[in-house]
Amino acid sequence: MFSVDRGQFGPNFVFGTATAAYQIEGGQIDGRGQSIWDTFAATPGNVKNADDGHMACDHYNRWPEDLDLIRDGGFDGYRFSFAWPRLIPEGTGAVNQAGVDFYDRLVDGMLERGLKPFATLYHWDLPSALQDKGGWMNRDIAGWFADYAELVAKKFGDRLHATATINEPWCVSVLSHLLGVHAPGYRDLRAAAHAMHHVLLAHGTAIGVLRDNGVKNLGIVLNLEKAEAASDSAEDLAALDIGDALFNRWFLDGVYKGQYPEVLTNILAKYLPAAWHKDMETIARPLDWAGINYYTRGIYAADPARAAFPIRQVKGPLEKNDLGWEIYPQGLTDLLVRVSREYTKLPIYVTENGMSENDDTRREAFYDLHLKAVLDAQAQGADVRGYFAWSLLDNYEWAEGYTSRFGIVHVDYETQKRTPKGSYRAFQGMLHNTR
Ligand code: FCB
């Protein structure tokens, strides 16, 4: 049971759950093309147990049951993603009608159940055919992505409550092209700098196309971390400045101010695409809402031995989830207030928040603390209009495979049986206002 009531969040506050196509759908049939996660997962050493999304939660077949769970939980909205390779198997060109039919049924299924569809166009499953052409490193991706956005606009746009272009551009670029943790697994400064710029250029280009096609309520989902310094020393504070710029400000400044933090354009000068500054107006096209995913904080210390980025993250002392991420609700409050004070007056949605953990009583406590953190942010003036729990189901947690469980509903991957956990019941109790 949560200690907060839904009424405290305001009259039209949207409570929802979130998922992503590759993490739950399975259904690698009916003309779906290959994605970078299929081959990344098949490459030894990239993913725990070499798990892949082949079956995942079989949501491709079991979606009616999953939508029923969301409705029965009392949620108002469902944040899901379209799989680009299911709709356009080669990334550009021919459309896969079976994919269009699937999302037709899914979106209609949400509307029939009174759920507001919050769509994401890109949650990391890039068609492999586009990776062959350089993927996010190739400037042409802005056009490829815009054409895909146009297809979504034409087929589904009038039925979507809200649409985000990209989920977590930091992960798409830095985690996947500099740190090598996610597909395509590059560890290369030039690759990363190109991806960091192109992912935002693709976002802004798609916003133009979506608007021209009459799609309403557009945004982008940024993953932000509360960045803090390991100490008050000048060195660690300088490390914090770089860490915060790389994780948060590159994307916030780009999207909401049309500029990049100078500390990074200095470091990356040699590696960024030429004339990047000419794209900043496109990148900062006006939006209708701001999406924030929040999980934890990052603590930065100076590390002069590391070449371009002389920083390292240090482990903090707080209680952690089972992936070792510190539990820090105050960070959510601080970030929501920071974004609303320094970046935008647009309505803010917490588009993801949740905990990897087998012991669900800890997850329930996590949610309670973070819901209170949202109330604190509202009290400090942040215009927060919604909160989405990550995730509806235990699912394919990328490089962690199926070992990490973020769901409020348990999934037995052998039988595909769904079992609501206590945290689901806690949401249900609050949302049905039974306490
Ligand atoms: C976010 C991702 C989501 C999930 C959660 C735990 O970074 O958007 O797909 O992996 O983390």
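As a reminder, the structure under discussion sits directly above these lines.
The notes below deal with the structure included here. (Residues numbered from 1 in each chain as written. Predicted model: local features only at pLDDT ≥ 70, side-chain atom pairs only at ≥ 80, totals over all residues. Heavy atoms only, no water.)

Quick look at the overall build of the protein now. Helix and strand content of the protein: 15 helices and eleven strands. For 435 residues, the compact-globule estimate of 2.2 N^0.38 gives 22 Å, and the protein sits close to it at 20 Å. For the protein, the spread of C-alpha atoms along the principal axes amounts to about 50 × 50 × 45 Å. Across the 435 residues that make up the protein, the buried fraction comes to 63%. Within the protein, residue pairs in contact and separated by at least 24 positions form 76% of the contacts whose partners lie at least 6 positions apart. Just so you have it, the protein exposes about 15800 Å², and 49% of that area is on carbon and sulfur atoms. Charge separation in the protein, taken as the distance between the mean sites of 43 positive and 57 negative side-chain charges, equals 2 Å. (Helix = DSSP H or I, 4+ residues; strand = E, 2+ residues; numbered from the N terminus. Rg over C-alpha atoms; globule rule 2.2 N^0.38 Å. Buried < 20%, exposed > 50% of the residue type's maximum accessible area, 1.4 Å probe, protein only. Contact = heavy atoms within 4.5 Å. Areas by Shrake-Rupley, 256 points an atom, 1.4 Å probe, with all protein chains shown as cover. Lys, Arg positive; Asp, Glu negative; His and termini not counted. Charge placed at Lys NZ, Arg CZ, Asp CG, Glu CD.)

Let us look at the nonpolar core. Ranked by size, the top nonpolar core spans 136 residues in total, and within it Trp37, Phe82, Leu87, Tyr122, Trp136, Leu336 and Phe427 carry the most contacts. Tallying contributions element by element places helix α10 (residues 234–257) first for this core, with eleven residues. Each residue touching Trp37, except ones within four places of it in the same chain, is listed here: Tyr22, Val47, Trp124, His182, Ala183, Tyr396, Trp398 and Ala399. (Core = buried A, V, L, I, M, F, W, Y, C linked by side-chain atoms within 4.5 Å.)

Here we take up the site of the ligand. Around the ligand, a shell composed of Gln23, His123, Trp124, Asn167, Glu168, Tyr295, Glu352, Trp390, Glu397, Trp398 and Phe406 is seen. Within the side chain of Glu352, an N or O atom sits 3.0 Å from an oxygen atom of the ligand. Separating an oxygen atom of the ligand from a side-chain N or O atom of Glu397 is a distance of 2.8 Å. For the ligand, the accessible surface in isolation is 300 Å², of which the surrounding protein chains cover 94%. Of the residues that constitute the shell around the ligand, the class distribution is five nonpolar, three polar and three charged. (Near = heavy atom within 4 Å. Polar contact = N/O pair within 3.5 Å; in protein donor to acceptor, adjacent residues only side chain to side chain. Nonpolar A, V, L, I, M, F, W, Y, C, P; charged D, E, K, R; others polar.)

Okay, the pattern of salt bridges next. Where side chains of opposite charge bring their charged atoms close, a pairing between them can arise. This model, assessed by the stated rule, comprises 31 salt bridges. Glu357 serves as the salt-bridge partner of Arg362, at 2.6 Å between the closest nitrogen and oxygen. Look at Arg362 and you get partly exposed, because its relative accessible area is 23%. With relative accessibility at 8%, the residue Glu357 sits in the buried group. Where salt bridges share partners, they join Lys226, Glu228, Arg297, Glu326 and Asp334 into one cluster. (Salt bridge = Lys/Arg side-chain N within 4 Å of Asp/Glu carboxyl O.)

Below, the discussion takes up the side chain of Asp253. One can find Asp253 in helix α10. Summary of buried charges: Asp253 has no salt-bridge partner, and the nearest side chain of opposite charge, Arg249, is 4.4 Å away. A distance of 2.6 Å separates the side chain of Asp253 from the side chain of Tyr343, its partner in a polar contact. Those residues in contact with Asp253, other than ones at most four positions away along the chain, are Gly258, Gln259, Pro261 and Tyr343.

Take the packing of helix α3 (residues 59–72) against helix α5 (residues 97–112) next. Contact pair α3 / α5: the axes reach a minimum separation of 10 Å and the direction vectors enclose 10°. By the angle between their directions, the pair α3 and α5 is classed as roughly parallel. Across the interface between the two elements, His59, Tyr60, Trp63 and Leu67 from α3 touch Ala98, Phe102, Arg105, Leu106, Gly109 and Met110 from α5. Its residues assigned to classes, the contact of α3 with α5 comprises seven nonpolar, two polar and one charged. (Axes fitted to C-alpha atoms, helices over the stretch in contact; angles between N-to-C directions. Parallel < 35°, antiparallel > 145°, perpendicular 65-115°, else oblique.)

This part takes up the pairing of strand β5 (residues 218–229). With respect to burial, β5 is a largely interior element, eleven of its twelve residues being buried. Judged from the three bridges that link them, strand β4 (residues 162–167) and β5 form a sheet pairing that is parallel. Residue pairing in the sheet places Thr163 in a bridge with Leu218 of β5. (Pairing = 2+ DSSP bridges.)

The next thing to look at is helix α13 (residues 329–343). For α13, which comprises 15 residues, the first-to-last C-alpha distance of 21 Å matches the rise-based estimate of 21 Å (1.5 Å per residue) to within 8%. The element α13 is largely enclosed, with a buried count of eleven among its 15 residues. Inspection of α13 places Pro329, Gly331, Leu332, Thr333, Leu335, Leu336, Val337, Arg338, Val339, Ser340 and Tyr343 among the buried residues, and these make up the whole buried set. Packed against the buried residues of α13 are β5, α10, β6 (290–302), β8 (348–352), α14 (360–379) and β9 (384–390). (Expected span 1.5 Å × (residues − 1).)

With that settled, consider the packing of aromatic side chains. Summed over the entire model, instances satisfying the criterion amount to 41 aromatic pairs. Aromatic pair Trp170 and Phe247: ring centres 4.3 Å apart, planes at 25°, arrangement stacked. Linking Trp170 in helix α8 (residues 169–177) with Phe247 in helix α10, this pair joins segments that are 77 residues apart in sequence. Members of the aromatic cluster, joined through ring pairs, are Tyr22, Trp37, Phe40, Trp124, Tyr396, Trp398, Tyr402 and Tyr413. Above the ring of Phe102, the side-chain terminus of Arg86 is found at 5.4 Å from the ring centroid. Above the face of the Tyr343 ring, Lys257 is positioned so that its terminal group lies 4.5 Å from the ring centre. (Phe/Tyr/Trp six-rings, centres within 6.5 Å; stacked < 30°, edge-to-face > 60°. Lys NZ or Arg CZ within 6 Å of the ring centre and 35° of its normal.)

Next up on the list: the side chain of His59. Locating His59 in the fold gives a position in helix α3. Among the polar contacts listed, one links the side chain of His59 to the side chain of Asp66, at a separation of 2.8 Å. Sequence-distant contacts of His59, defined by excluding residues within four places in its chain, comprise Ile24, Glu25, Asp66, Tyr78, Phe102, Leu106 and Arg418.

The values are spatial; any link to function lies outside them.
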